[in-house]
Amino acid sequence: MSVPLPPNAEVLADGAAVARAAAETLVSVCAQAKQDRIAVALSGGSTPKLLYALLAGPEFRERLPWPRIHWFFGDDRVVPWDDPASNVRMAAEAFGADAPIPVENLHRIDPAGGAEAAALAYAKTLAEFSGAARPEPEKPLFDLVLLGLGEDGHTASLFPGTPALSVHDAWTAAVPVPGMAPRVPRVTLTYPGLASSRLVLFLVTGAGKQDPLRRLAAGEDLPARHVTSAGEVRWLLDASAAGR
Ligand code: 6PG
């Protein structure tokens with residue numbers, strides 16, 4: 001049965017079509033960027049793997065200004081970067097070893113010292129890159145923030161009922177007890193951190209996402225509902241997630 005769609009949603013045939021539409025969006029974001037450095041926050045989980053592989057592949061590789069793009073993470077698990085649960089490892093495998101990403105353009109969340117220390121260190125990275133100690137709505141850091149939707153309605157590592165939802169004056173928050181597997185501590189961008197963007201793009205695929213989409217449409221107070229942007233929030237869904 002069709003799922004009521006969030007505002008600014010586009011339904012595409014399948015995951016590959018969603019990845020292609022997201023890749024075209026990034027090409028367009030880069031073409032419109034007026035400043036030299038372009039900042040993209042990568043999503044974790046499994047949905048974005050197709051996109052990352054597509055970006056580094058023959059169809060899109062030459063269409064992106066790789067030396068100008070700085071890659072950040074919307075969140076990560078506080079584990080070593082070679083751990084199977086790491087979003088850094090997921091992205092590295094999906095982009096592939098020959099992706100033309102200069103190492104100085106890759107801004108990973110350093111797990112050393114645990115979640116609190118990692119959150120502070122990542123906030124420092126964001127502050128140094130942006131020149132703002134905390135998110136300033138009038139000076140968005142990210143040109144594009146990629147997000148997924150968890151089956152419990154979380155996004156990044158903003159899980160229902162967790163203290164990170166109430167952090168409104170910092171780039172990042174530690175998430176010692178996430179609401180879903182993998183049950184390892186996390187670091188996440190906060191709502192203001194996500195909002196410090198010109199465009200937020202949710203990528204949602206698979207029938208398992210029908211339930212959180214329905215709950216969002218029914219007005220449930222789920223974390224994904226509260227994501228805003230200094231620019232636009234858009235959704236790319238495949239037909240399975242949209243119940244089409
Ligand atoms: C993470 C992600 C998380 C993810 C959703 C959807 O670190 O796990 O940032 O927010 O986007 O859980 O995950 P899937 O794409 O695997 O369904």
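Structure first, text after, so check above.
Residues numbered from 1 in each chain as written. Predicted model: local features only at pLDDT ≥ 70, side-chain atom pairs only at ≥ 80, totals over all residues. Heavy atoms only, no water.

Q: Could you give me a rundown of the site of the ligand, with the residues and numbers involved?
A: T47, D75, R77, A156 and K209 are the nearest of the 16 residues found near the ligand. Within the side chain of S46, a nitrogen or oxygen atom sits 2.8 Å from an oxygen atom of the ligand. A distance of 2.9 Å separates an oxygen atom of the ligand from a polar atom in the side chain of N87. Within the complex, the protein chains bury 87% of what would otherwise be the 420 Å² of accessible surface of the ligand. Residues that form the shell around the ligand fall into these classes: 2 nonpolar, 10 polar and 4 charged. (Near = heavy atom within 4 Å. Polar contact = N/O pair within 3.5 Å; in protein donor to acceptor, adjacent residues only side chain to side chain. Areas by Shrake-Rupley, 256 points an atom, 1.4 Å probe, with all protein chains shown as cover. Nonpolar A, V, L, I, M, F, W, Y, C, P; charged D, E, K, R; others polar.)

Q: Go over the pattern of salt bridges, please, and point to the residues and values.
A: Overall, the coordinates contain 10 salt bridges when judged by the stated rule. Taking the shortest distance from any N to any O, the salt bridge between R61 and D98 comes out at 4.0 Å. In this pair, R61 is assigned in the loop between α2 (49–56) and β3 (69–73) and D98 in the loop between α3 (87–95) and α4 (114–130), connecting sequence segments 37 residues apart. Overall, D98 belongs to the exposed group, its relative accessible area being 52%. R215 is the partner of E220 in a salt bridge, and the nearest nitrogen-oxygen pair spans 2.8 Å. Using a relative accessible area of 33% as the deciding quantity, one classes E220 as partly exposed. Assessed through its relative accessible area of 24%, R215 is described here as partly exposed. (Salt bridge = Lys/Arg side-chain N within 4 Å of Asp/Glu carboxyl O. Helix = DSSP H or I, 4+ residues; strand = E, 2+ residues; numbered from the N terminus. Buried < 20%, exposed > 50% of the residue type's maximum accessible area, 1.4 Å probe, protein only.)

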